[in-house]
Amino acid sequence: MTLILKAFGLVTALILLVIAMLGNLIALGGFLLVAIKVAILAIFLAVVVMIVFSILRDRSRRRHEAEEI
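Residues numbered from 1 in each chain as written. Predicted model: local features only at pLDDT ≥ 70, side-chain atom pairs only at ≥ 80, totals over all residues. Heavy atoms only, no water.

Engineer: Residue-level account of the overall build of the protein, with values.
Structural biologist: Helix and strand counts for the protein come out as one helix and zero strands. Here the C-alpha atoms of the protein give a radius of gyration of 30 Å, more than 25% beyond the 11 Å that 2.2 N^0.38 yields for 69 residues. Each principal axis of the C-alpha distribution contributes one length, and for the protein these read about 100 × 10 × 5 Å. By residue count, 0% of the 69 residues in the protein fall in the buried class. Taken as a whole, the protein presents about 6600 Å² of accessible surface, with 79% of it coming from carbon and sulfur. Taking the average location of the 7 positive side-chain charges in the protein and that of its 4 negative ones, the two points are 24 Å from each other. (Helix = DSSP H or I, 4+ residues; strand = E, 2+ residues; numbered from the N terminus. Rg over C-alpha atoms; globule rule 2.2 N^0.38 Å. Buried < 20%, exposed > 50% of the residue type's maximum accessible area, 1.4 Å probe, protein only. Areas by Shrake-Rupley, 256 points an atom, 1.4 Å probe, with all protein chains shown as cover. Lys, Arg positive; Asp, Glu negative; His and termini not counted. Charge placed at Lys NZ, Arg CZ, Asp CG, Glu CD.)

What follows is the structure, given as structure tokens:
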């Protein structure tokens, strides 16, 4: 009888351990997805800022060229 209870306890502990590990794995996956989304957003904003900066620089350059002529 004691052997059966020990085996049942062992199986229960293993199942609970697997459930806890899966929960942590799901939380890690969620964190990684958020981190990837933030990185994509930061890259997008950097590209937009670079485009705006390039447009403004080109307008300034054209204005200076027009003043020289």
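What follows picks up the thread again.
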